[in-house]
Amino acid sequence: MQYNFDEIIDRRNTGSVKWHYFDDTIPLWVADMDFKAAKPILKAIEQVTQHGILGYTKPTAALYDSIIQWHSSRYGLLLDKQNILFSPGVVPSLALMMNVFTEVGDAVLVNDPIYTPFMTKVEQNGRTLVTSLLKEVDGKYQLDLADIEAKIIEHKVKLYLLCNPHNPGGRVWTTDEIEALLVLCKKHDVAVVSDEIHQDLTLSGHTFTPFLKLAEAAGYAHNVVSLTSMTKTFNVAGIKGSMIFAKDDALIKKISQRQQLNDEYELNLFAYTVMQSAYENGGEWLAQVLAYIENNIEITLDFLARHLPDIKVMRPEASYLIWLDCSAYAQDDQALYDKLRAAKVELNAGIRYGSEGHLKMRINVACPEALLREGLNRVYAAFSGGFKPKLSL
Ligand SMILES: Cc1ncc(COP(=O)(O)O)c(C=O)c1O
């Protein structure tokens, strides 16, 4: 079936985080999409409500099979049921991993810029945050392996939190890059937790490599966990639910024991239902939404190149988030944010993702084209009256 992603659906007064705070602002910020979920998912939810009993539920063999099938057919990541645990979210799992791999005070390494909870969960859990700046080379971020190794040695890093694909830079780390990082972590006995929640949103021309797949081949699976979810892929973030993958029996046991301390290993009935229906029957929706997102990315890149050429744009390799260097238009992060706010368009302030986010903004283009175009017009309005007016529309 053909989905209509042009449909504008009013999300105000629904509790939507993205739309909640604003009446007349176009929200191009928090990472969910303004698109209806796939029909098979909505139908599966309906079937549960029609059945009418919403009792205690456990993951079924069919659910495990759907996860195993999705990851093996798409990424060659071979999983057994015993390799899979469930968790209410990837961010809760990141927090959990602090207790699996480290003690209070231990150093945890993350890149800068990075999705904000990578930093906050480290600090809130009393670990020492160590950062390694990504290097921008030819308009895209690269890992600075020399710096990463130096930081590992200097701070006796115990755990590296990788964002693969990367948010906010949109990089899909290549097999070579992952291999090099793996060699380094193995050499220094640093555990790796790879957040792969954006894996299925990899864009044309790029190939997602699961960290765990290479780690297993390198004999390092006992120190590696990957975290992923159907929520980002299928735009069902409100459902809450995610997976933890590990391929070492002792490690899975340790994670499972930690989860049991707070009784946090079960998902709700709807999360299991959505997960299974998404992996079994969501592929068609995903292919169509990715095509729509790719078109929106082109619209955005084209608009900015023509009307705001001084914004340096990082072309994403995955997902619908675009990283914009707005340093030509502002000298101060708050002023930059306020300028866009005043023009009634909401983007994420880059500085929230670390020091490398200084004078940058992150825009979410996963919305109906008409909304995106209006949002972009407002971005233009914000800057055309600002520091460096360039072109009129
Ligand atoms: C890299 C990354 N990890 C995790 C999350 C959120 O995961 P969850 O909602 O499962 O906690 C996001 C959401 O934007 C994300 O970008």
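Residues numbered from 1 in each chain as written. Predicted model: local features only at pLDDT ≥ 70, side-chain atom pairs only at ≥ 80, totals over all residues. Heavy atoms only, no water.

What is the right way to read the sheet that holds strand β14 (residues 348-349) from this model?
Strand pairing within a sheet occurs via backbone hydrogen bonds; the two strands may be parallel or antiparallel. The four strands are arranged β11-β12-β15-β14 in an open sheet whose pairing can be described as antiparallel. On the outer flanks of this sheet lie β11 (312-314) and β14, each paired with one strand and no other. For β14 and strand β15 (residues 360-364), the ladder comprises two bridges, and the chain directions are antiparallel. Each residue of the ladder has a partner; that of Asn-348, found in β15, is Arg-362. (Pairing = 2+ DSSP bridges. Helix = DSSP H or I, 4+ residues; strand = E, 2+ residues; numbered from the N terminus.)

Hey, could you run me through the domain arrangement of the protein chain in this one?
Accessible area lost upon the coming together of the parts is a frequently used measure of interface size. Looking at the protein chain, the domain boundaries give domain 1 (17-39 + 283-383) and domain 2 (56-280). Each of domain 1 and domain 2 was reduced to a C-alpha centroid, and the two centroids are 25 Å apart. Contact residues are listed per partner, giving 29 residues for domain 1 and 33 residues for domain 2. Roughly 2700 Å² of surface becomes buried between domain 1 and domain 2 when both sides are summed, with 56% attributable to carbon and sulfur atoms. It is Met-314, Glu-317 and Tyr-353 that lose the most area in domain 1 upon contact with domain 2, and together they represent 28% of the buried surface on that side. (Domains from an automatic or database assignment. Contact = heavy atoms within 4.5 Å. Buried area = accessible area lost by both parts, 1.4 Å probe.)

Looking at this structure, I do not really get the side chain of Asn-296. What am I missing?
Structurally, the position occupied by Asn-296 is in helix α11 (residues 283-307). Exposure remark for Asn-296: the relative accessible area of 0% places this residue in the buried category. Side-chain polar atoms of Asn-296 contact the backbone oxygen of Val-365, separated by 2.8 Å. With residues up to four places along the chain from it excluded, the contact list for Asn-296 reads Val-365, Cys-367, Glu-369 and Leu-372. (Buried < 20%, exposed > 50% of the residue type's maximum accessible area, 1.4 Å probe, protein only. Polar contact = N/O pair within 3.5 Å; in protein donor to acceptor, adjacent residues only side chain to side chain.)

What is the right way to look at the packing of helix α12 (residues 333-342) against helix α13 (residues 369-384) in this model?
The packing of two helices is summarised by the inter-axis angle and the distance between the axes. One way to put it is that α12 packs onto α13 with a least axis distance of 8 Å and a crossing angle of 125°. Considering their axes alone, α12 and α13 lie oblique with respect to each other. Here the hand of the crossing between α12 and α13 comes out right-handed. Contact residues: α12 offers Leu-336, Lys-339 and Leu-340, while α13 offers Val-379, Ala-382 and Phe-383. Across the contact of α12 with α13, the residue classes tally to five nonpolar, no polar and one charged. (Axes fitted to C-alpha atoms, helices over the stretch in contact; angles between N-to-C directions. Parallel < 35°, antiparallel > 145°, perpendicular 65-115°, else oblique. Left-handed = near helix turned anticlockwise from the far one by under 90°. Nonpolar A, V, L, I, M, F, W, Y, C, P; charged D, E, K, R; others polar.)

Quick question: what am I supposed to make of the site of the ligand here?
Residues in close proximity to the ligand include Ala-31, Gly-89, Val-90, Val-91, Pro-92, Tyr-115, Cys-163, Asn-167, Asp-195, Ile-197, His-198 and Lys-232, which together make up its full environment. Between the ligand and Asn-167 there is a distance of 2.8 Å, counted from an oxygen atom to a side-chain nitrogen or oxygen. Separating a nitrogen atom of the ligand from a side-chain N or O atom of Asp-195 is a distance of 2.5 Å. For the ligand, whose accessible area on its own is 400 Å², the fraction buried by protein is 91%. When atom positions are compared with the pocket grids, the ligand is found to occupy the largest pocket. The residue makeup of the shell around the ligand, split by class, is seven nonpolar, three polar and two charged. (Near = heavy atom within 4 Å. Areas by Shrake-Rupley, 256 points an atom, 1.4 Å probe, with all protein chains shown as cover. 1 Å grid on protein atoms, 1.4 Å probe; cavity = no way out; pocket = protein on both sides within 12 Å on 5 of 7 lines; lining within 4 Å. Sits in = over half its atoms within 2 Å of the grid points.)

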